[in-house]
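Listed here are the chains, written in short residue letters.
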Amino acid sequence: NAGVTQTPKFQVLKTGQSMTLQCAQDMNHEYMSWYRQDPGMGLRLIHYSVGAGITDQGEVPNGYNVSRSTTEDFPLRLLSAAPSQTSVYFCASSKDGPELANYGYTFGSGTRLTVV
Amino acid sequence: AQSVSQHNHHVILSEAASLELGCNYSYGGTVNLFWYVQYPGQHLQLLLKYFSGDPLVKGIKGFEAEFIKSKFSFNLRKPSVQWSDTAEYFCAVNTYGNNRLAFGKGNQVVVIP
C-alpha cells in the first residue's frame, strides 16, 4: 500500500515555464488537497477536491490549476512559474472531508520546487 | 474564515524538560482539532486529534493535548521530551461543514541531548 505518492521530489524551473506536480493515492480516498509550505508561514491550502470531477480553491489558488478526472489522481499545474512559487508542495488525502477525517490526512513526501 | 495561531515559533529545550505548545483558533462554532508533527526531511504525520468527548486527548509518543473551549485553545504537552522529538509541530483546525483544514505557522522544536 503506497499511500500518497508525489512526483517529482525535486524540481528547478525557470521563470515562465509551466509544469505539473503529480499526486496519486491508492487508498480510494475521496478528499484530496494541495498545500504549499513556506518558512514561517505554515501550510497554506492551494486547491482541494471532494471527489472526482469536483475541485475548489483554497487560500492561495492564484497561479495554479487542478483537475480531478479520477479518484486516484490530483495533479497540480503551474501555468507560468514565478520565483514566488518557490516552495515545498504537499499533497494530502483523506477518506472523507477534514470534518470526518478520523485518522487525519495522509500526506505525501512533498515536492521541493525552486523557480529561478 | 477560521485562523490558527501558534506562538513561540522557535523552542529550544534540553532532554527531560517539559514541553507545552500553544494553539488558539478564531472560530466560535463546532471545531475539529489536530496536531501534526514533521520530523526533519519528512512529511507531516498526525500526532493526535480532538473531535468530541473528553477534552484531554492522548496521542502517539507520549504527547497529549487539552481542548479548552472557553479559551479557544488546544495546547500540546509532553512531560519529558527526548532528542527524537526535535521536529516542527503544526496545529490545525477544521470547522464543521467546511471542507478546509487551516494550519498554524508551526513551532520549530529543538531538543538538545
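Being a predicted model, the structure only gives us computed values, none of them experimental. (Residues numbered from 1 in each chain as written. Chains lettered and ligands numbered in written order. Predicted model: local features only at pLDDT ≥ 70, side-chain atom pairs only at ≥ 80, totals over all residues. Heavy atoms only, no water.)

**Student:** I tried to follow the pairing of strand β1 (residues 4–7) of chain A on my own but got confused; where do I start?
**Tutor:** For a regular strand, the rule is simple: side chains alternate between the two faces of the sheet. Residues and elements named next belong to chain A. In β1, alternate side chains face the same way, and those of Val4 and Gln6 are buried while those of Thr5 and Thr7 on the opposite face are not. Pairing between β1 and strand β3 (residues 19–25): four bridges, direction antiparallel. By the bridge assignment for β3, Thr5 is matched with Ala24. (Buried < 20%, exposed > 50% of the residue type's maximum accessible area, 1.4 Å probe, protein only. Helix = DSSP H or I, 4+ residues; strand = E, 2+ residues; numbered from the N terminus. Pairing = 2+ DSSP bridges.)

**Student:** What is the right way to look at the pairing of strand β6 (residues 45–50) of chain B in this model?
**Tutor:** All names here are of chain B. By the bridge criterion, five bridges tie strand β5 (residues 31–38) to β6 in an arrangement that is antiparallel. Considered in β6, the bridge of Tyr36 is made with Leu46. Counting the residues in the hairpin turn of β5 and β6 gives six residues, including Gly41, whose phi is positive at 75 degrees.

**Student:** Got a minute to help me understand the side chain of Arg36 of chain A in this structure?
**Tutor:** You can see Arg36 of chain A is positioned in strand β4 (residues 31–38). Ignoring sequence-local partners within four residues, the contact set of Arg36 of chain A consists of Gly42, Leu43, Arg44, Ile46, Val60, Tyr64, Ser84, Gln85, Thr86, Ser87, Val88 and Tyr89 of chain A. (Contact = heavy atoms within 4.5 Å.)

**Student:** Looking at this structure, how should I read the nonpolar core?
**Tutor:** Soluble globular proteins: nonpolar side chains tend toward being buried together. One finds Trp35, Leu48, Phe74, Leu76 and Tyr89 of chain B to be the most contacted residues of the largest nonpolar core, which totals 29 residues. With residues up to four places along the chain from it excluded, the contact list for Phe74 of chain B reads Cys23, Leu33, Phe34, Trp35, Leu48, Lys49, Tyr50, Val57, Ala65, Glu66 and Phe67 of chain B. Tyr64, Leu76, Ala81 and Leu113 of chain A belong to the second-largest nonpolar core, a separate cluster that totals 18 residues. (Core = buried A, V, L, I, M, F, W, Y, C linked by side-chain atoms within 4.5 Å.)

**Student:** Explain a nonpolar patch on the surface here, please?
**Tutor:** All names here are of chain B. Together, Ile12, Val110 and Ile112 make up an exposed nonpolar region whose accessible area comes to about 260 Å². Within the secondary structure, Val110 sits in strand β12 (residues 107–112). For Val110, a relative accessible area of 32% corresponds to the partly exposed category. (Patch = residues over 30% accessible without salt bridge, like charges linked within 9 Å, V, L, I, M, F, W, Y side chains within 5 Å. Areas by Shrake-Rupley, 256 points an atom, 1.4 Å probe, with all protein chains shown as cover. Salt bridge = Lys/Arg side-chain N within 4 Å of Asp/Glu carboxyl O.)

**Student:** Before we go on, may I ask you to explain the environment of Val11 of chain B in this structure?
**Tutor:** Within the secondary structure layout, Val11 of chain B lies in strand β2 (residues 10–14). Residues contacting Val11 of chain B, with those up to four places away along its chain left out, are Leu19, Leu21, Gln108, Val109 and Val110 of chain B.

**Student:** Is there a simple way to think about the packing of aromatic side chains in this case?
**Tutor:** A ring pair, where both rings are aromatic, is described by two values, the distance of the centres and the angle of the planes. Scanning the entire structure with this criterion turns up 16 aromatic pairs over all chains. Both rings, one in Tyr50 of chain B and one in Phe74 of chain B, keep their centres 6.5 Å apart while their planes meet at 45 degrees; by these two values the pair is tilted. In this pair, Tyr50 of chain B is assigned in strand β6 and Phe74 of chain B in strand β9 (residues 73–78), connecting sequence segments 24 residues apart. The residues Tyr50 of chain B and Phe74 of chain B share a single accessibility class, namely buried. Among the aromatic residues, those joined into a cluster by ring pairs are Tyr31, Tyr35, Tyr48, Phe90, Tyr105 and Phe107 of chain A together with Phe34, Tyr36, Phe51 and Phe103 of chain B. For Arg68 of chain A, the ring lying beneath its charged end belongs to Phe74 of chain A, and the centroid distance is 5.9 Å. (Phe/Tyr/Trp six-rings, centres within 6.5 Å; stacked < 30°, edge-to-face > 60°. Lys NZ or Arg CZ within 6 Å of the ring centre and 35° of its normal.)

**Student:** Looking at this model, I keep getting lost on the sheet that holds β3 of chain A. Mind explaining?
**Tutor:** In a beta sheet, neighbouring strands pair by backbone hydrogen bonds and run either parallel or antiparallel. Residues and elements named next belong to chain A. In spatial order, the strands read β1-β3-β8-β7; together these four strands make up an open sheet with antiparallel pairing. The sheet is open, and its two edges are formed by β1 and β7 (64–66), each paired on a single side. Taking the axes of each pair of neighbouring strands and ignoring which way they run, one obtains an average angle of 20 degrees across the sheet. Pairing analysis gives three bridges linking β3 to strand β8 (residues 76–78), with the strands arranged antiparallel. Bridged to Leu21 within β8 is Leu76. (Axes fitted to C-alpha atoms, helices over the stretch in contact; angles between N-to-C directions.)

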